[in-house]
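# Results of the structural survey
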Amino acid sequence: MESDTTVRRIKPPFETQSCLISGRGGLGEDNNGWNSGSEAKRKPDVSLYLLREGLATSLVCLFLVLLWGLVHLSLQQLVIGKPSGDFDAGRARQHLERITSVGPRPVGSHENEVLTVDYLLEQIENIRATTAQGVHQLNVDVQRPTGSFSIGFLGGFTSFYDRITNVVVRLEPKGGSQHFMLANCHFDSVANSPGASDDAVSCAVMLEVLHSLANLPTPLRHGVIFLFNGAEENVLQASHGFITQHPWAKDVRAFINLEAAGVGGKEVVFQTGPENPWLVQAYVHAAKHPFASVVGQEVFQSGIIPSDTDFRIYRDFGNIPGIDLAFIENGFIYHTKYDTADRILTGSIQRAGDNILAVLKHLLMSDELADSSEYRHGNMVFFDVLGVTVVAYPARVGTILNYMVAVATFVYLGRKACRPGNRGGRYVWNLACATGVALLSWLAALLSVLIVALLVTLLGRSMFWYTHFYASVCLYGSAATGKMVLVHTLAKNLYYRGMRLAELGELYFDVSLLLWCCSLVWMTQRGLCSAYVPMLMVAFPLATKLMLSNEFKNRGASLKYSVLYMVGLASPYLHILFLIWVVFEIFTPIMGRSGTEIPPELVLAALVTMATIFLSSFFLHFIYLVKSTKWILAGLGSIFAVTFLLVSCGFLFPYSGNPDSPRPKRVFLQHTTRTFHDAQGRVESRDSGVWINSFDYTGMQHVTPYVPQIEEAVRARCHDNQPFCGFPWFLPVKFLSKKNWYLPSADVSPSSPMDFRLVSREETGWGTLKMTFNVKGPSHMSLYLMPHLGASLSSWSFGDGTPQFYLSGEYFVFYSHGLNAPTWTFWFEIQPPRESSGFPEGLISVAISSHYFFGADQKTPQLEEILQQFPPWAFPSSWVSTYDLYRY
């Protein structure tokens with residue numbers, strides 16, 4: 001009979017095939033963890049007891065909360081720019097207020113083409129007057145370019161512009177210069193928005209930077225061109241007009257582009273290059289308030305974010321490198337009526353001005369600008385440390401560093417596998433099984449959260465987090481964490497019963513290390529500069545573990561060990577929390593304008609789950625070090641239940657009309673008249689109505705109680721035999737918004753109706769049919785071409801002459817013009833089918849829509865009546881349009 005002090009080990013079933021750790025040194029270390037029998041009867045250490053009773057969990061929570069607080073504190077400091085002697089933010093704010101005071105500035109409007117241009121020229125002349133006796137010379141040119149190009153944005157389309165406006169300023173030493181930097185902003189705005197952040201504030205900053213550089217007492221080594229472009233919102237037209245047509249463009253060696261994806265806040269460097277690492281090095285060296293991340297660059301260039309900037313034009317059509325900066329804070333009111341000057345802090349203007357001025361000064365005095373080709377090759381890994389400093393190093397150095405860390409990790413794991421107690425592959429088998437448990441917990445967490453997100457969507461409570469973001473953390477974060485804790489608790493209780501908990505804890509630390517290391521190797525092999533993130537998440541925990549190995553070996557997972565362990569993880573966790581904040585700062589507002597087809601609940605739930613997985617990775621082993629997880633699960637379950645109850649009962653409304661922090665719902669309304677012609681030119685049908693598009697997933701369910709006419713509206717159906725479904729799409733985004741409504745209404749009668757005419761129709765010597773058209777209409781029009789079955793476009797008058805971007809059997813051409821534009825003339829050639837017996841339905845359907853974004857033609861009584869019924873938390877953007885379809 002065994003004594004009561006003998007350790008009894010119950011052998012689990014199928015021990016030889018299951019993921020078990022020997023309780024007798026299976027990992028090769030004699031760790032004093034918690035066990036059964038006589039060890040359990042020893043008097044526990046006080047810190048050990050506290051840890052077992054859940055203090056470790058509290059420490060982890062406190063650790064993450066403190067780090068999140070540091071991130072918020074650093075973000076607050078980032079927008080506080082102190083006045084400097086070089087850049088006057090007060091004067092820049094005056095420019096901002098004057099530019100936005102005229103209201104929205106769409107291309108072609110008097111506000112954009114005359115009032116804003118006149119103000120810019122007036123201020124530039126004032127600056128030129130101050131430089132007359134100085135060491136620099138200043139020249140200004142107003143360019144009115146005409147051109148066309150094709151672009152792969154939004155699935156791809158062709159753009160044509162006519163007499164749009166650029167204000168171009170050339171500043172150089174009085175002796176002249178051969179090499180120039182380009183600084184770019186745009187002063188136009190979307191219709192119905194003052195466009196303070198996008199992008200009037202950047203133009204205000206550039207005016208003041210121009211003033212500062214022009215009045216330097218010593219001459220610059222190189223010149224700088226300031227481009228105030230007047231047609232960026234029309235999908236990058238003005239920058240194309242400058243870089244492909246202006247005579248000064250050939251002298252540009254690099255550029256800085258100032259943009260916005262939010263309203264105010266901090267401007268972040270989110271694109272550089274291509275290659276040319278010297279530009280990043282210049283920013284690192286010169287910027288006073290750095291905020292940059294190569295992660296943002298690779299995410300943006302992946303196409304995940306439905307946006308684009310003039311950076312693309314200068315890179316693709318000018319073949320010049322550059323730096324792309326953008327304001328990203330508070331994207332909820334980007335492109336809305338709330339984008340006003342008073343929402344942009346003077347401190348934000350100050351820090352942007354300080355950065356741009358310092359970086360331009362550095363580049364204009366550099367050797368690299370004179371011969372940038374010599375420094376062209378290579379990429380940079382770069383990231384800022386809470387806006388205090390920027391870490392930057394060549395990508396090839398990063399590759400070496402990444403592989404060194406990976407090798408060190410595999411050596412660490414390999415040495416453990418080779419210890420005497422782990423012969424026969426026991427450690428490798430245990431590590432593989434534990435990795436499987438970890439991956440299973442992640443998969444279970446993701447699936448569980450997606451099921452919850454789907455249930456929220458089916459209940460009609462989608463986007464509750466749009467105004468109450470932390471509610472999504474409580475709902476999805478608690479579900480993800482709870483599911484992971486549950487899986488590991490079941491593994492501990494069912495598979496690891498009687499095992500040494502300290503050894504289990506160490507094993508699951510190794511699992512986290514292995515998984516991060518695998519991601520490090522994978523990202524490095526793919527050439528991603530963002531691989532520095534898993535490198536940090538491997539290097540710091542590994543170094544911390546090695547330094548604390550004696551503490552862990554002698555005392556187990558004591559309170560001291562827990563505190564020191566978290567201190568060691570502080571740096572990488574602080575950085576990854578910072579990146580997580582940036583991700584949610586960008587993607588949460590985007591869900592409010594991503595259309596009706598992308599379920600935002602699933603996207604945000606997946607993002608929250610991924611963030612939870614990242615943050616919990618190196619705390620998984622604490623689950624195996626604590627005595628019980630029942631209180632953790634109970635707490636998480638309570639948080640989830642309360643939040644889900646609030647969400648399902650509708651207490652968390654998605655939108656807010658609070659003037660201090662608006663979260664508006666975006667709705668687009670067009671009062672349109674549609675006319676359809678047959679192949680003989682006769683009118684087949686004609687109708688008029690208010691076409692309503694919701695640009696988020698909730699559709700009109702929240703608006704309908706305020707606008708009851710929507711219940712009488714007809715759900716707009718896509719007619720496949722009509723170009724772009726037979727509706728006046730302003731841009732080719734029909735794939736984003738398939739849920740729209742058509743409310744019958746009176747005809748529209750613009751004072752300047754569109755005139756569309758077929759000028760000529762002739763057969764060519766090579767068997768095609770050439771058609772030429774004349775169009776006279778408003779400043780914004782969209783042309784849709786749909787060749788019929790068997791026919792194909794062979795050439796046209798746009799771009800390089802080759803039709804591009806055949807979108808589901810259709811071509812889209814976007815047109816805009818400035819003031820005093822002539823009649824738009826274009827042609828195309830169509831190849832008939834090889835075998836046919838006539839074309840009763842014609843060879844091609846040609847449709848054209850006109851859009852009246854400003855002036856007296858923008859509104860109608862019917863539109864005004866509907867707009868007045870919208871709730872204060874909605875932002876309805878409206879205009880008048882027409883749609884005419886012809887078959888030839």
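Structural notes, computed from the coordinates. Because the structure is predicted, anything quoted here is derived from the model rather than measured.

Before going further, it helps to examine helix α8 (residues 294-301). Within α8, the full set of buried residues consists of Val 294, Val 295, Gln 297 and Phe 300. Two to three positions downstream of the cap, the backbone nitrogen of Val 295 sits 3.1 Å from a side-chain oxygen, assigning the N-cap of α8 to Ser 293. Backbone geometry just after α8 places Gly 303 at a positive phi near 90 degrees.

We now examine the nonpolar core. Residues Leu 213, Phe 226, Phe 228, Ile 256, Leu 360, Tyr 476 and Tyr 532 are the most contacted members of the largest nonpolar core, which totals 182 residues. In terms of residues, this core owes the most to one element, helix α14 (residues 501-525), which gives 14 residues. Residues in contact with Leu 360, not counting those within four places in the same chain, are Met 181, Ala 183, Val 209, Leu 213, Val 224, Phe 226 and Ile 256.

With respect to topology, four strands assemble into an open sheet ordered β16-β17-β21-β19, the strand pairing being antiparallel. Since the sheet does not close on itself, it has two edges, and those belong to β16 (755-763) and β19 (792-796), each with one partner. Here the strands of the sheet are splayed against their neighbours by 25 degrees on average, with no regard to which way each runs. In this sheet, strand β21 (residues 824-831) lies alongside β19 in antiparallel orientation, the contact comprising four bridges. Within the sheet, the bridge partner assigned to Ser 795 lies in β21 and is Glu 829.

This part covers the pattern of salt bridges. Under the criterion given, the structure shown has 22 salt bridges. In this structure, a network of salt bridges that share partners links the residues Lys 416, Glu 506, Asp 510 and Lys 545.

In this section: the pairing of strand β5 (residues 180-186). In terms of burial, β5 is largely enclosed, as seven of its seven residues are buried. Residue alternation in β5 divides its side chains into two sets, Phe 180, Leu 182, Asn 184 and His 186 and Met 181, Ala 183 and Cys 185, and both sets are buried. With seven bridges connecting them, β5 and strand β6 (residues 223-229) associate as parallel partners. Bridge pairing in β6 links Phe 180 to Gly 223. Where the polypeptide runs from β5 across helix α5 (residues 196-214) and back to β6, its parallel neighbour, the crossover connection is right-handed. Inspection of the sheet shows β5 paired to strand β7 (residues 252-260) by five bridges, in the parallel sense. Looking across to β7, one finds that Ala 183 is bridged to Ile 256.

In this section: a nonpolar patch on the surface. On the surface, Leu 486, Leu 490, Leu 494 and Tyr 495 cluster together into a nonpolar patch covering about 400 Å² of accessible area. Of note, Tyr 495 is situated in helix α13 (residues 469-495). Of the residues examined, Tyr 495 reaches a relative accessible area of 49% and is grouped as partly exposed.

Among the structural elements, Arg 93 can be located in helix α3 (residues 89-100). Engagement of the side chain of Arg 93 in a polar contact is seen with the side chain of Thr 346, the distance being 2.9 Å. Discounting chain neighbours no more than four positions away, the residues touching Arg 93 are Ala 341, Ile 344, Leu 345, Thr 346 and Ile 349.

Quick notes on the rules
- Residues numbered from 1 in each chain as written.
- Predicted model: local features only at pLDDT ≥ 70, side-chain atom pairs only at ≥ 80, totals over all residues.
- Heavy atoms only, no water.
- Buried < 20%, exposed > 50% of the residue type's maximum accessible area, 1.4 Å probe, protein only.
- Helix = DSSP H or I, 4+ residues; strand = E, 2+ residues; numbered from the N terminus.
- Polar contact = N/O pair within 3.5 Å; in protein donor to acceptor, adjacent residues only side chain to side chain.
- Core = buried A, V, L, I, M, F, W, Y, C linked by side-chain atoms within 4.5 Å.
- Contact = heavy atoms within 4.5 Å.
- Pairing = 2+ DSSP bridges.
- Axes fitted to C-alpha atoms, helices over the stretch in contact; angles between N-to-C directions.
- Salt bridge = Lys/Arg side-chain N within 4 Å of Asp/Glu carboxyl O.
- Right-handed = clockwise from strand over helix to strand, strands pointing away.
- Patch = residues over 30% accessible without salt bridge, like charges linked within 9 Å, V, L, I, M, F, W, Y side chains within 5 Å.
- Areas by Shrake-Rupley, 256 points an atom, 1.4 Å probe, with all protein chains shown as cover.

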